[in-house]
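Results of the structural survey
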Amino acid sequence: MKRREFITLLGGAAAAWPLAARAQQPAMPVIGLINGGAANIFAREATAFSKGLNETGYVEGQNVTIEYHWLEGHFDRVPALVADLVRRQVAVIATPVFTPAALAAKAATATIPIVFGVPEDPVRLGLVASLARPGGNATGINIFNQELAAKRLRLLHDLMPKAVRIAVLVNPGVASIAESTRRDVQEAAPIIGLQIQILNATTVGEIDAAFVAMAHERPDALFVVGDTFFTSRAVQFATLTSRDRIPAAYAVRELVEAGGLMSYGTDLAAAFRQVGVYTGSILKGAKPADLPVLQSTKFEFIINLQTARALGIEVPPSVLAIADEVIE
């Protein structure tokens, strides 16, 4: 072989080495994250999820791939989406603050790890055997939003002590949440001197219809039950409550930032971060069965003072003093 031919052959082989090495590298694990809301509404929470992953050594695009599935209230897409993730054998299915996806994933697979965030007891939902020892392929965090409904109602009364007639909007599409919240609110209302009118909505059109009903009944305030579908309709609620000049109390800050009067509930960014931490821990080898279900410990009371002024509501100083954040 001539020297020039040998150098050419050697150079070609050397050029091929990096390609071969790259081809042999294992593919990055894929996380399928499902939430019923919208990406623009949950931007802060998505960042918190990534932060939780970072804390365990995983960085999106470097050593892990995250597939975000924001359903924007289209819960009917859940079964097909979960089936696709299971078929492709993703590394982890994460369902922060979205009970329907957690339940669908649990029904669809007994092997792929699931990290959930749910607003009620995950044992009662059938996601885990116990909080301390989940025992299966799922674990996560209970964000308590439904258990906090009665306290949220009391805070609304403290903020608007003259309000008596309260319309409560519930999504019966998530039956367990709707039933428990309806019960808690109806039990708490008489104790603090409130009259409750229950309204149901599972679609965009039914939210509009609920506001038509309220226009006839003229309640003093609207109490919206914590629900991912409702959160995904932040702009719709802001438009309707502004048009009808009705004070609205919510479970999450995103709806207050959009123009609602107040919210009280779990800090969802903290919950998303913890789901990220658990997801990263599982990617590193931890078993969901051995990771105890966590309980939210960070709650926030948010008041939109600008909305209060627009509605002619004078917020008592005692209520302002206990708010975690006041939107001016």
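Up top you'll find the structure we're talking about.
Scope of this entry: the structure provided in the associated data block. Everything numeric here is computed off the predicted structure, so don't read it as measured data. (Residues numbered from 1 in each chain as written. Predicted model: local features only at pLDDT ≥ 70, side-chain atom pairs only at ≥ 80, totals over all residues. Heavy atoms only, no water.)

Of all hydrophobic cores here, the largest spans 51 residues; its most connected members are F49, L222 and F237. Take this core: its biggest share by element is 8 residues, from helix α12 (residues 268-283). When residues no more than four places from it in sequence are discounted, the contact partners of L222 are A167, L169, F211, M214, T241, I246, P247, A248 and A249. In terms of nonpolar packing, the next biggest core, distinct from the first, is built from 36 residues, A163, A189, F223 and A323 among them. (Core = buried A, V, L, I, M, F, W, Y, C linked by side-chain atoms within 4.5 Å. Buried < 20%, exposed > 50% of the residue type's maximum accessible area, 1.4 Å probe, protein only. Helix = DSSP H or I, 4+ residues; strand = E, 2+ residues; numbered from the N terminus. Contact = heavy atoms within 4.5 Å.)

Another point: the packing of aromatic side chains. Under the criterion given, the structure shown has 9 aromatic pairs. Between F75 and F98 the ring centres are 4.9 Å apart and the planes differ by 65°, which places this aromatic pair in the edge-to-face class. Placement of F75 in the loop between β2 (65-70) and α3 (78-87) and of F98 in the loop between β3 (92-95) and α4 (99-108) is noted, with a sequence separation of 23 residues between them. Relative accessible area serves as the criterion here: at 1%, F98 is assigned to the buried category. Here the aromatic residues F75, F98, F211, F229, F230, F237 and Y250 are joined through ring pairs into a cluster of three or more. (Phe/Tyr/Trp six-rings, centres within 6.5 Å; stacked < 30°, edge-to-face > 60°.)

Looking now at the sheet that holds strand β13 (residues 325-327). Strand-to-strand pairing in sheets goes through backbone hydrogen bonds, with the strands running parallel or antiparallel. Across the sheet, which stays open at both edges, the 7 strands sit in the order β7-β6-β8-β9-β10-β12-β13 with mixed pairing between neighbours. Each edge of the open sheet is held by one strand with a lone partner, namely β7 (195-200) and β13. The mean angle between the axes of side-by-side strands here comes to 20°, regardless of whether they run parallel or antiparallel. Both strand β10 (residues 262-266) and strand β12 (residues 299-304) contribute to a ladder of 5 bridges, which runs antiparallel. (Pairing = 2+ DSSP bridges. Axes fitted to C-alpha atoms, helices over the stretch in contact; angles between N-to-C directions.)

Let us now look at the pairing of β7. Here 6 bridges tie strand β6 (residues 165-170) to β7, and the two strands are oriented parallel to one another. Each residue of the ladder has a partner; that of R165, found in β7, is Q195. Once the chain exits β6 it traverses helix α7 (residues 175-191) before rejoining the sheet at β7, and the crossover so formed is right-handed. (Right-handed = clockwise from strand over helix to strand, strands pointing away.)

Right, let's get into unusual backbone geometry. Positive phi is not limited to glycine here, since E72 has a value of about 50°. When you line up the elements, E72 lands in the loop between β2 and α3. Taking the relative accessible area as the measure of exposure, E72 reaches 46% and is therefore partly exposed. A positive phi angle, close to 55°, is found at Q89, a residue other than glycine. Mapped onto the fold, Q89 is located in the loop between α3 and β3.

Before going further, it helps to spend a moment on α3. Because the α-helix completes a turn every 3.6 residues, residues three or four places apart line up on one side. Among the residues making up α3, those that are buried are V78, L81, V82, L85 and V86. Down the axis, α3 shows its buried residues gathered within 135° of arc, on one side only. Away from the buried face of α3 by more than 90 degrees, exposed residues P79, A80 and R87 are located. Those residues of α3 that are buried lie in contact with β1 (30-35), β2, β3 and α4. (Arc of directions from axis to C-beta.)

Turning our attention to helix α10 (residues 234-244). Taken together, the buried positions of α10 are A234, Q236, F237, A238, L240, T241 and D244. On the buried face of α10, the contacting elements are β6, α8 (204-217), β8 (221-224), α9 (228-232), β9 (248-250) and α11 (253-257). Among the residues trailing α10, R245 stands out with phi positive, at a value near 50°.

Glancing now at the sheet that holds β3. Taking strand neighbours across the sheet as the criterion, the 6 strands line up as β2-β1-β3-β4-β5-β11 in an open arrangement whose pairing is parallel. Edge positions in the sheet fall to β2 and β11 (294-295), since each has one partner strand and no second. The pairing of strand β4 (residues 114-118) with strand β5 (residues 138-142) spans 5 bridges and is classified as parallel. Bridge pairing in β5 links G117 to I141. Against the sheet, α3 touches β1, β2 and β3, its axis set at about 170° to β1. Against the sheet, α12 touches β1, β2, β3, β4, β5 and β11, its axis set at about 165° to β4.

Mapping T99 onto the fold places it in helix α4. Judged by its relative accessible area of 4%, T99 falls in the buried class. Residues within four places of T99 in sequence aside, it is in contact with V118, P119, L125 and I177.

Bringing the environment of A132 into the picture now. Position of A132 relative to the elements: it lies in the loop between α5 (122-125) and β5. Counting along the chain gives 34 residues from A132 to I166, while the straight-line C-alpha distance between them is 38 Å.

Rolling a probe over the atoms, with the probe sized like a water molecule, indicates the empty space that remains. Enumeration over the complete set of coordinates arrives at 2 cavities of 30 Å³ or more. Size it by volume and the largest cavity reaches roughly 220 Å³. The set of elements that each furnish at least two residues to the lining of the largest cavity consists of α4 and α9. Ranked by the residues each element gives to the lining of the largest cavity, the list is headed by α9, at 4 residues. Tallied by class, residues from the lining of the largest cavity come to 18 nonpolar, 6 polar and 1 charged. A volume near 30 Å³ is recorded for the second largest cavity. (1 Å grid on protein atoms, 1.4 Å probe; cavity = no way out; pocket = protein on both sides within 12 Å on 5 of 7 lines; lining within 4 Å. Points joined across faces, edges and corners; volume = space filled by probe spheres on them. Nonpolar A, V, L, I, M, F, W, Y, C, P; charged D, E, K, R; others polar.)

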